Amino acid sequence: VALLVPALLKSGIAPGVTTLAVAAIPLMSLPGRVVVGWLGDFYDKRKLLAGCLLLEGLGILLLAATTNAWMLIPALLLFAPPFGCLLPIRPAVQAEVFGVESIGTIQGLMNTVSTFGGFLGPLLVGALVDMTGSYQIGFAIVGVCVLAGTPFAMAIPKRVAPTPMARTAAAQVD
């Protein structure tokens, strides 16, 4: 999202439309947050996570190919709701897989990995822009990387046995 404004402007999209599109992403992500969070209480969270990654990846690929304002509508419809879906479904999958005994440690590690991705992604896309003069290649690579996460989401086990340290920590809380 950090490089979406310059990418759209470079594609020839008017500044006002670009601003509206970027401002719409958080609003368009709200239904994904609520609906998938609720669906996760009834359906396989791994499948919901995989579906979110699939749609978000396709949305990023469409954003990479966007050359005019009308293309933003399907691109944002594919990208923004799944972008919001990931907020409730990722920690729900983590809790389901690992339990809640070590949820603080797990969240800390996962958020650290996400932070590095959020830091390195724009730097790498920016470097590609400097080399090629285009945002499309970098956005396409990001989209493919997100799509590549889909089968991994499906491969997540239902439950991992807690480590001895986690069992000890849980016993001390009781």
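Residues numbered from 1 in each chain as written. Predicted model: local features only at pLDDT ≥ 70, side-chain atom pairs only at ≥ 80, totals over all residues. Heavy atoms only, no water.

## Let's talk about the environment of Asn68
So, point 1. Take Asn68: it is sitting in the loop between helix 3 (45-65) and helix 4 (72-98).
So, point 2. With relative accessibility at 27%, the residue Asn68 sits in the partly exposed group.
So, point 3. As for Asn68 and Val125, which are separated by 57 residues in sequence, their C-alpha atoms are 21 Å apart.
So, point 4. Polar contacts involving the side chain of Asn68 include one to the side chain of Trp70, which spans 2.6 Å. (Helix = DSSP H or I, 4+ residues; strand = E, 2+ residues; numbered from the N terminus. Buried < 20%, exposed > 50% of the residue type's maximum accessible area, 1.4 Å probe, protein only. Polar contact = N/O pair within 3.5 Å; in protein donor to acceptor, adjacent residues only side chain to side chain.)

## A closer look at the nonpolar core
So, point 1. One finds Leu49, Leu63, Leu72, Ile89 and Phe139 to be the most contacted residues of the largest nonpolar core, which totals 31 residues.
So, point 2. Elements that contribute at least two residues to this core include exactly helix 1 (4-10), helix 2 (15-39), helix 3, helix 4, helix 5 (103-132) and helix 6 (136-154).
So, point 3. Here the element with the most residues in this core is helix 4; it accounts for ten residues.
So, point 4. Sequence-distant contacts of Phe139, defined by excluding residues within four places in its chain, comprise Leu3, Leu4, Ala7, Ile60, Leu63, Ala64 and Val125. (Core = buried A, V, L, I, M, F, W, Y, C linked by side-chain atoms within 4.5 Å. Contact = heavy atoms within 4.5 Å.)

## Structural notes on the packing of helix 3 against helix 4
So, point 1. Where helix 3 contacts helix 4, the axes come no closer than 7 Å and their chain directions differ by 150°. The angle between the axes of helix 3 and helix 4 places the two elements in the roughly antiparallel class. The interaxial crossing formed by helix 3 with helix 4 has left-handed handedness.
So, point 2. Classifying every residue of the contact of helix 3 with helix 4 by side-chain character gives 22 nonpolar, one polar and four charged. (Axes fitted to C-alpha atoms, helices over the stretch in contact; angles between N-to-C directions. Parallel < 35°, antiparallel > 145°, perpendicular 65-115°, else oblique. Left-handed = near helix turned anticlockwise from the far one by under 90°. Nonpolar A, V, L, I, M, F, W, Y, C, P; charged D, E, K, R; others polar.)

## A closer look at the pattern of salt bridges
So, point 1. Under the counting rule described, the total for this entry stands at two salt bridges.
So, point 2. Measuring nitrogen to oxygen at the nearest pair gives 2.8 Å for the salt bridge that ties Arg46 to Asp44.
So, point 3. Residue class for Arg46 comes out buried when judged on its relative accessible area of 12%.
So, point 4. Of the charged contacts, one joins Lys45 and Glu96 as a salt bridge, the two residues approaching to 3.1 Å between their closest N and O atoms. (Salt bridge = Lys/Arg side-chain N within 4 Å of Asp/Glu carboxyl O.)

## Some details on the confidence of the model for the chain
Should the pLDDT be low somewhere, the predicted coordinates at that spot are not to be read in detail.
So, point 1. For the chain, mean pLDDT is 89; residues scoring 70 or higher make up 92% of the total.
So, point 2. Considering each helix and strand of the chain separately, the mean pLDDT is smallest for helix 7 (residues 164-173), with a value of 59, and largest for helix 3, with 95. (pLDDT = per-residue confidence, 0-100.)

## Remarks on the side chain of Arg46
So, point 1. For Arg46, the position within the fold is in helix 3.
So, point 2. In terms of polar contacts, Arg46 uses its side chain to reach the backbone carbonyl oxygen of Ile156, at 2.9 Å.
So, point 3. Once you skip the residues sitting within four places of it in the chain, Arg46 turns out to touch Val93, Ala153, Met154, Ile156, Pro157 and Lys158.

## Some thoughts on the side chain of Thr66
So, point 1. Residue position: Thr66 is located in the loop between helix 3 and helix 4.
So, point 2. Separated by 2.8 Å, the side chain of Thr66 and the backbone oxygen of Leu62 make a polar contact.
So, point 3. With residues up to four places along the chain from it excluded, the contact list for Thr66 reads Leu8, Ser11, Ile13, Met71, Leu72 and Ala75.

## So, the state of the cysteines
So, point 1. This structure, assessed with the given rule, holds zero disulfides.
So, point 2. With no disulfide partner, Cys52 has as its closest neighbouring cysteine sulfur the one in Cys85, 3.5 Å distant. (Disulfide = S-S within 2.5 Å.)

## Overview of helix 4
So, point 1. Spanning 27 residues, helix 4 covers 38 Å between terminal C-alpha atoms, matching the ideal 39 Å at 1.5 Å per step.
So, point 2. By the largest-angle criterion, Leu86 marks the main kink of helix 4, which is about 35°, and a proline, Pro88, follows within four residues.
So, point 3. Positioned one or two residues after helix 4, Gly99 has a phi angle of 80°, which is positive. (Expected span 1.5 Å × (residues − 1). Bend = angle between axes of the 7 residues up to and from the residue.)

## Concerning a nonpolar patch on the surface
So, point 1. On the surface, Phe116, Phe119, Leu120, Leu123 and Leu124 cluster together to form a nonpolar patch covering roughly 540 Å² of accessible area.
So, point 2. Within the secondary structure layout, Leu123 lies in helix 5.
So, point 3. A relative accessible area of 49% places Leu123 in the partly exposed class. (Patch = residues over 30% accessible without salt bridge, like charges linked within 9 Å, V, L, I, M, F, W, Y side chains within 5 Å. Areas by Shrake-Rupley, 256 points an atom, 1.4 Å probe, with all protein chains shown as cover.)

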